[in-house]
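Commentary on secondary and tertiary structure
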Amino acid sequence: MRYFDYLTPEQEQDIFHHLPTEFSNCDDKQLLAYAVGAALYMPAVRPTIAEDIANRKIPGLVSLVIDLEDAVGDNQLLIAEENLFATLDKLRLYMDRGRLQRSSLPLVFIRVRSPEQLRMLLDRLEDRLALLTGFAFPKFNVSAGESYFRVLGEYNRRRGADMPLLYGMPILETPDIIYRETRQSALMDIQALLTEHKPHVLNVRIGATDFSSIFGLRRNPDMTIYDIGVLRDCVSDIINAFGREENGYVISGPVWEYFKSDRVLKPQLRMTPFQETMGKDGLRLRMNYLDRYVDGLIREVAYDKENGMIGKTIIHPSHLQPVQAMYVVTHEEYIDAASILANNQGDLGVMKSEYANKMNEIKPHLNWSRRIMNRSKIFGVLHEKHNFTCLLADSVRAGALV
């Protein structure tokens, strides 16, 4: 699997200074933590998941979460579980028959409801587990979390040599984390738990929808999660607890749930980047995004990145390409990071950037540089003077968003 593999070789050559790296669920954990990226959630009751993957129906699908939790009604649970088994059986069959190449299989996760369900799935899925990368653990707290990682750890210790290591992705979304009086102790307890099970923790996810529901809130499509004070404060503390360099966790941003709405406030996307990249087609794409409120999504992803988060929960396929495009490293970022790392020998403390528009300090910017390099491996590096809109041009030509 590789990001942006739907581009032609000519488009890749025109867009990328460095191409994204290929990866699979057997790769190094640090690489996979970034590779989760924009993870598309699908209800486990959806009958065409395997066909959609095999037919490459969703451009840009790289990581997928098959949901057995909130996206499935309580009365649908048994049907959802059986459909999950059928989906994985179909994927395996398509691979055996050559209809689906192993290199085209996205990272597949399952969001479970409980440690008991996790144990059942690990027992019943058997060799179908080779198709998975891991599980998402909702409503994560210390009590449930200890059970989740104990069950997962037991599997990983007894798995066959030909089976992949499976990872857990805790989703922070419970009242004890959003309530101010219990937040710090809850986060520190979870931090200690994740440290204990760190080899099996792929990334930390934020469930802003559940947080919002506790206060009867639902953010307007003109707003980002950072415009809602109680959520902004909580997200900030989560980043403070898990985003420290010594922790090494990749934190994923919360879901953007809008794909069409009536506009109230001023649009957030400037015309110039789209027009310079694609001309009239770029302006048409921009208007399409404004109609679908993708401009709010792009704005929120920009805030996510500035706050140190890489990855996002996706609930509509039209969100995949703009989010992924935002994660590609710019040429300027890459050159700055490479220069800082190359000069980390103790001979320099500060130097002017090669773009001659900023000062690069070796020690203060070292951790940032390492993160940029990790991101560049997965999402690639743009050519000089390119921006994220160049990766969206094919959406107009293919009519994918129209």
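Residues numbered from 1 in each chain as written. Predicted model: local features only at pLDDT ≥ 70, side-chain atom pairs only at ≥ 80, totals over all residues. Heavy atoms only, no water.

1. Things to note about the overall build of the protein
Going by this rule: Strands are runs of DSSP state E lasting at least two residues, helices are runs of H or I lasting at least four, and both sets are numbered from the N terminus onward. Residue exposure (1.4 Å probe, protein chains only): buried if accessible area is under 20% of the type maximum, exposed if over 50%, otherwise partly exposed. Residues count as neighbours in contact if any of their non-hydrogen atoms are within 4.5 Å of one another. To measure how exposed things are, a 1.4 Å probe is used in the Shrake-Rupley method; for residues, cover is taken only from the protein chains shown.
Helix and strand counts for the protein come out as 17 helices and 12 strands. Of all 402 residues assigned to the protein, the portion counted as buried reaches 55%. Long-range pairs, those at least 24 residues apart, make up 77% of the contacts in the protein with a sequence separation of at least 6. Put simply, the protein shows about 17600 Å² of open surface, and 50% of that area lies on carbon and sulfur atoms.

2. Thoughts on the layout of surface pockets
With a probe scaled to a water molecule rolled over the atoms, the places where space remains empty come into view. Here is the rule we go by: Method remark: on a 1 Å grid restricted to protein atoms, a set of points is classed as a cavity if a 1.4 Å probe fits but cannot get out and as a pocket if it is open with protein on both sides within 12 Å along at least five of seven lines; lining residues have an atom within 4 Å of a point. Grid points are joined across faces, edges and corners, and a volume is the space filled by probe spheres set on the points. Put simply, Ala, Val, Leu, Ile, Met, Phe, Trp, Tyr, Cys and Pro go in the nonpolar bin, Asp, Glu, Lys and Arg in the charged bin, and everything else, Gly too, in the polar bin.
By volume, the largest pocket amounts to about 710 Å³. Contributing to the lining of the largest pocket are 27 residues, with Tyr-34, Gly-308, Ile-310, Arg-371 and Ile-372 lying nearest its centre. Of all elements in the fold, only helix H2 (29-35), helix H13 (294-306) and helix H16 (366-379) reach the threshold of two or more residues within the lining of the largest pocket. Tallying contributions element by element places H16 first for the lining of the largest pocket, with seven residues. For the lining of the largest pocket, the residue count by class is 12 nonpolar, five polar and 10 charged.

3. Remarks on the sheet that holds strand E8 (residues 251-256)
To keep it simple, the criterion reads: The pairing criterion for strands is at least two bridges between them, as found by DSSP. Fitted lines through C-alpha atoms serve as axes, helices being fitted only where they are in contact, and the angles separating the N-to-C directions of these axes extend from 0 to 180 degrees.
On the basis of which strands lie adjacent, the closed barrel formed by eight strands has the order E2-E3-E4-E5-E6-E7-E8-E9 and parallel pairing. With direction set aside, neighbouring strand axes in the sheet form an average angle of 30°. Bridging between strand E7 (residues 204-206) and E8 involves two bridges; their strand directions are parallel. Within the sheet, the bridge partner assigned to Arg-205 lies in E8 and is Ser-252.

4. What about the packing of helix H6 (residues 142-158) against helix H8 (residues 180-196)?
Threshold: Every angle not falling under 35 degrees, over 145, or within 65 to 115 is termed oblique; those three ranges are roughly parallel, roughly antiparallel and roughly perpendicular.
In the contact formed by H6 and H8, the axes pass within 10 Å of each other and the chain directions differ by 10°. Relative to H8, the element H6 lies roughly parallel. In contact with Val-142, Gly-145, Glu-146 and Phe-149 of H6, H8 contributes Asp-189, Ile-190, Leu-193, Leu-194 and Glu-196. Residue classes in the contact of H6 with H8 are distributed as five nonpolar, one polar and three charged.

5. A look at the packing of aromatic side chains
To be explicit about the condition: Any pair of Phe, Tyr and Trp rings, taking the six-membered ring for Trp, is counted once the centres come within 6.5 Å. Such a pair is stacked with planes under 30 degrees apart, edge-to-face with planes over 60 apart, and tilted for the rest.
Applying the stated criterion across every chain yields a total of 12 aromatic pairs. Ring centres of Phe-4 and Phe-16 lie 5.8 Å apart, and the angle between their planes is 40°; on these two criteria the pair is classed as tilted. One end of the pair, Phe-4, is in the segment before helix H1 (9-15); the other, Phe-16, is in strand E1 (residues 16-18), with 12 residues separating them in the sequence. In terms of burial, Phe-4 and Phe-16 fall into one category: buried. Grouping aromatic residues by their ring pairs yields a cluster made of Tyr-3, Phe-4, Tyr-6, Phe-16, Phe-23, Tyr-327 and Phe-379.

6. Some words on the pairing of strand E4 (residues 107-111)
Put simply, the test is: Every crossover in which the path from the first strand over the helix to the second runs clockwise, viewed with the strands pointing away from the viewer, is termed right-handed.
In terms of residue burial, E4 counts as a mostly covered element, since five of its five residues are buried. The alternating pattern of E4 places Leu-107, Phe-109 and Arg-111 and Val-108 and Ile-110 on opposite faces, both of which are buried. Two elements, strand E3 (residues 63-67) and E4, share five bridges in a ladder whose sense is parallel. If you follow Ile-66 over to E4, its bridge partner there is Ile-110. Inspection of the sheet shows E4 paired to strand E5 (residues 134-137) by three bridges, in the parallel sense. Note on E5: the bridge partner recorded for Arg-111 is Ala-136. Each parallel crossover has a hand, and for E4 linked through helix H5 (residues 115-124) to E5 it is right-handed.

7. Points about the pattern of salt bridges
Keep this limit in mind: Criterion for a salt bridge: a side-chain nitrogen of Lys or Arg within 4 Å of a carboxyl oxygen of Asp or Glu.
This structure, assessed with the given rule, holds 29 salt bridges. Among the ionic pairs, Arg-92 bridges to Asp-89, the shortest N-O distance being 3.0 Å. Here Asp-89 and Arg-92 lie together in helix H4 (residues 77-96), a separation of three residues that amounts to about one turn. Put simply, Arg-375 and Glu-333 hold a salt bridge, and the shortest N to O gap is 3.3 Å. Residue Arg-375 is found in helix H16, and its partner Glu-333 is found in helix H15 (residues 331-342); the two are separated by 42 residues along the sequence.

8. Side note on the pairing of E8
In terms of residue burial, E8 counts as a mostly covered element, since six of its six residues are buried. As defined by bridge partners, E8 adjoins strand E9 (residues 312-314) across two bridges and the pair is classed as parallel. Opposite Trp-256, over in E9, you have Ile-314 as the bridge partner.

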